[in-house]
Amino acid sequence: MSTSILAGSLKGRQLNTGRSLDIRPTSSLVRESIFNILGNIRNDKVLDLYSGAGTLGFEAISRGAGSVTFVDNNVEAIGIIRMNAQLFLEAPLNIERQDSMSFLSNCGIYDIILADPPYGKANLYDLAQISMKRLKKSGIIIIETSKNENWQPAGARIKTYGDTQLTIFKKQP
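Quick summary incoming for the structure in this document. Model, not experiment: these values are computed from the prediction.

### Examining the pattern of salt bridges
Inspection of every chain in the model, using the stated rule, returns 4 salt bridges. Note that Glu32 is salt-bridged to Arg63, the shortest N-O span being 3.3 Å. Taken as a pair, Glu32 in helix α1 (residues 28-38) and Arg63 in the loop between α2 (55-62) and β4 (67-72) lie far apart in primary sequence, 31 residues in all. Look at Arg63 and you get buried, because its relative accessible area is 18%. Residue Glu59 is joined to Arg63 by a salt bridge in which the shortest nitrogen-to-oxygen separation is 2.9 Å. Judged by relative accessible area, Glu59 falls into the buried class, the value being 0%. A single salt-bridge network, built from bridges that share partners, covers Arg31, Glu32, Glu59 and Arg63.

### So, the packing of α1 against α2
When two helices pack together, you describe them by how their axes are tilted relative to each other and by the distance separating the axes. Running from N to C, α1 and α2 cross one another at 50°; their axes reach a closest spacing of 11 Å. If you check the angle between α1 and α2, you find them oblique. The hand of the α1/α2 crossing is right-handed. Along its contact with α1, which presents Arg31, Ile34 and Phe35, the element α2 presents Thr55, Leu56, Glu59 and Ala60.

### Points about the packing of aromatic side chains
Tallying each qualifying case throughout the model produces 4 aromatic pairs. An angle of 35° between the planes, with centres 4.7 Å apart, marks the rings of Phe58 and Phe70 as tilted. Placement of Phe58 in helix α2 and of Phe70 in strand β4 is noted, with a sequence separation of 12 residues between them. In this pair, the class of Phe58 matches that of Phe70, namely buried. Across from the ring centre of Phe88, 5.8 Å away, lies the NZ or CZ of Arg13, which sits over that ring. Over the aromatic face of Tyr110 sits the side chain of Lys45, whose NZ or CZ is 4.9 Å from the ring centroid.

Cut-offs and rules
- Residues numbered from 1 in each chain as written.
- Predicted model: local features only at pLDDT ≥ 70, side-chain atom pairs only at ≥ 80, totals over all residues.
- Heavy atoms only, no water.
- Salt bridge = Lys/Arg side-chain N within 4 Å of Asp/Glu carboxyl O.
- Helix = DSSP H or I, 4+ residues; strand = E, 2+ residues; numbered from the N terminus.
- Buried < 20%, exposed > 50% of the residue type's maximum accessible area, 1.4 Å probe, protein only.
- Axes fitted to C-alpha atoms, helices over the stretch in contact; angles between N-to-C directions.
- Parallel < 35°, antiparallel > 145°, perpendicular 65-115°, else oblique.
- Left-handed = near helix turned anticlockwise from the far one by under 90°.
- Contact = heavy atoms within 4.5 Å.
- Phe/Tyr/Trp six-rings, centres within 6.5 Å; stacked < 30°, edge-to-face > 60°.
- Lys NZ or Arg CZ within 6 Å of the ring centre and 35° of its normal.

These values are about where atoms sit, not about what they do.
Set out below in structure tokens:
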């Protein structure tokens, strides 16, 4: 299966999304909404947690991100990300096969953190709290979940698209 980059310098490039039901690529509608929320990301350092096929991170590179780090602990997902990375040889990409929460405990600081954990299987409050510690001032975190998880954290903006909920946190300067 595949999807394509929606905008930016690599618009239209096809990304492999694999065949596994464990890898759920972010829909085009939700991806477009995420990047409308983010606005200009030129030269930003982006962390793509629970990367799956890497569609969010590759979209970020196409739209001018300075670098993207992909993190997933699924062997198939890492293989798909590595395959897709061959389309972006000029891009500063880092691919980590690791548990996302473990990675957050020792990683650097990012401008943007995008997280798409498996629906219903992540501790979303811990994810948001630890991610906030790895975010630059005025940085943004967007966590994609199912709206059925009924997650409504204080201080976050919520946007819903069908079954998908985006929870947006902005770190104060």
